[in-house]
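Architecture and fold: a report
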Amino acid sequence: MSKKVTKPSFSKALFSGLILEDLVFPFPKMDKEEAENMDLIRESFEKFAEDKIDPAAIDEKAEIPSEVIDGLKELGFFGLNTPEAYGGFGLSATAWTKALEMVCHADPSTSLLLGAHQSIGIKALHLFGTEEQKQKYLPRLVTGEMIGAFCLTEPGAGSDAAGIKTKAVRDEAQGCYILNGSKLWITNGNLADFFTVFAKEEIAGPDGDPHDKITAFIVTRDMGGVTSGKPENKMGIKGSATAAVFFEDVKVPFENVIGERGRGFKVAMEVLNSGR
Ligand SMILES: Cc1cc2nc3c(=O)[nH]c(=O)nc-3n(C[C@H](O)[C@H](O)[C@H](O)COP(=O)(O)OP(=O)(O)OC[C@H]3O[C@@H](n4cnc5c(N)ncnc54)[C@H](O)[C@@H]3O)c2cc1C
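Notes on the structure follow. Here the structure is a predicted model, which means the values were calculated and not measured.

Before going further, it helps to examine a negative patch on the surface. Where like charges cluster on the molecular surface, the negative patch consists of Asp39, Glu43, Glu46 and Glu50. Take Asp39: it is sitting in helix H3 (residues 32-52). Here Asp39 falls in the partly exposed class, since its relative accessible area comes to 49%.

Here it is, written out as structure tokens:
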């Protein structure tokens, strides 16, 4: 049976010309301590941006200079939205949104680099990862030593995300999945070392027959068999690398499944909802 909707939808009401203010006001506020921290973050970023970030050059060269990426790592900007327990700043959603707004003001492509890394690239690990997975990967992700990407879209599956064709086949003898497929238009696709990948695997249904179900996986570039295409030549946000990512016979350990096997579609939707 479908879940009963208890709250009216703000977006749906807009189509009827209604603005349901009660659902969006009062606007969320940062507490005093976080607001003070944000002032410090803003101060250090604005100085850095003034010295190092040239948005016109980034757009013209269609690339964020490594000097800028390294500077953001030093400022701790790859971990702003990650809990302090894993080495991040632990910003709330409100503060994180303000931080992205601030970076976007300096350069939109740079805000996408950070946003795709934290809001979608490593979000499934945050929301559905085991403690062991978090301990293993987050310390390197918050420092920017590893950059994250979210790999859902494929040449034949965009809005219809359930139509993905990337395949994960369990190899019980080797204790890993063999992953094959291509992903398209992946933000940070050519920079990332850590990929949240959605693929289909055969899982027996209640009828005992095998069915293709989506599972989410942690894939790292050093597993081998991961390559990326040239960044797309876009009309805007040119410095943000949007690239294809290819997986060829990648051996993904069983323990790299994020969340439950066969529940990857829910993982993807939760990540996208949270990211938005
Ligand atoms: C700059 C950029 C960065 C991206 N980064 C990522 C990323 O990091 N990771 C990732 O996985 N993907 C990424 N994507 C892909 C993005 O998520 C897809 O483009 C998106 O899901 C839409 O898919 P599509 O482009 O195949 O369009 P389609 O699904 O082909 O849709 C084309 C048009 O048809 C409409 N449409 C589709 N289905 C219906 C329907 N049933 N009824 C009515 N209208 C419909 C859509 O609204 C749209 O206007 C990125 C895309 C861009 C442009």
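We are not done yet, so read on.
Where H3 contacts helix H6 (residues 93-106), the two axes come as close as 11 Å, and the packing angle between them is 15 degrees. When the axes of H3 and H6 are compared, the pair comes out roughly parallel. Here H3 and H6 pass one another in a crossing that is right-handed. Contacts between H3 and H6 involve Glu34, Met38, Ile41, Arg42, Phe45 and Ala49 on the former and, on the latter, Ala95, Lys98, Ala99, Met102, Val103 and Ala106. Tallied by class, residues from the contact of H3 with H6 come to 9 nonpolar, no polar and 3 charged.

With that out of the way, let us pick up the site of the ligand. Every residue lining the ligand is accounted for by Ile120, Phe150, Leu152, Thr153, Gly158, Ser159, Trp185, Ile186, Thr187 and Thr242. Contact distances for the ligand include 2.8 Å between a nitrogen atom and a backbone N or O atom of Phe150. Between the ligand and Leu152, the relevant distance is 3.0 Å, taken from an oxygen atom to a main-chain nitrogen or oxygen of the residue. Relative to its unbound accessible surface of 970 Å², the ligand loses 40% to contact with the protein. With 3 residues, the single largest contributor to the shell around the ligand is strand E3 (residues 176-187).

Helix packing geometry: the angle between the two helix axes and the distance between the axes. Where H6 contacts helix H7 (residues 108-121), the two axes come as close as 7 Å, and the packing angle between them is 150 degrees. As summarised for this structure, H6 and H7 are arranged roughly antiparallel, according to the angle between their axes. The residues of H7 that touch H6, namely those facing Trp96, Leu100, Val103 and Cys104, are Pro108, Thr110, Ser111, Leu114, Gly115, Gln118 and Ser119. Considering only residue class, the contact of H6 with H7 consists of 6 nonpolar, 5 polar and no charged.

Moving on, we come to the side chain of His126. With respect to the helices and strands, the residue His126 is situated in helix H8 (residues 123-128). Look at His126 and you get buried, because its relative accessible area is 15%. Residue contacts for His126: discarding those within four places in its chain leaves Asn81, Thr82, Pro83, Lys134 and Leu138.

This part takes up the pattern of salt bridges. One pass over the full model with this rule turns up 9 salt bridges. Note that Asp51 is salt-bridged to Lys47, the shortest N-O span being 3.2 Å. Here Asp51 and its partner Lys47 are both found in helix H3, 4 residues apart, which amounts to about one turn of the helix. Residues Asp51 and Lys47 agree in their burial class; the two are exposed. For Lys266, the salt bridge is made with Glu270, and the minimal N-O distance between the two is 3.3 Å. With a gap of 4 residues between them, Lys266 and Glu270 both fall in helix H10 (residues 264-275), about one helical turn apart.

Cut-offs applied
- Residues numbered from 1 in each chain as written.
- Predicted model: local features only at pLDDT ≥ 70, side-chain atom pairs only at ≥ 80, totals over all residues.
- Heavy atoms only, no water.
- Patch = residues over 30% accessible without salt bridge, like charges linked within 9 Å, V, L, I, M, F, W, Y side chains within 5 Å.
- Areas by Shrake-Rupley, 256 points an atom, 1.4 Å probe, with all protein chains shown as cover.
- Salt bridge = Lys/Arg side-chain N within 4 Å of Asp/Glu carboxyl O.
- Lys, Arg positive; Asp, Glu negative; His and termini not counted.
- Charge placed at Lys NZ, Arg CZ, Asp CG, Glu CD.
- Helix = DSSP H or I, 4+ residues; strand = E, 2+ residues; numbered from the N terminus.
- Buried < 20%, exposed > 50% of the residue type's maximum accessible area, 1.4 Å probe, protein only.
- Axes fitted to C-alpha atoms, helices over the stretch in contact; angles between N-to-C directions.
- Parallel < 35°, antiparallel > 145°, perpendicular 65-115°, else oblique.
- Left-handed = near helix turned anticlockwise from the far one by under 90°.
- Contact = heavy atoms within 4.5 Å.
- Nonpolar A, V, L, I, M, F, W, Y, C, P; charged D, E, K, R; others polar.
- Near = heavy atom within 4 Å.
- Polar contact = N/O pair within 3.5 Å; in protein donor to acceptor, adjacent residues only side chain to side chain.

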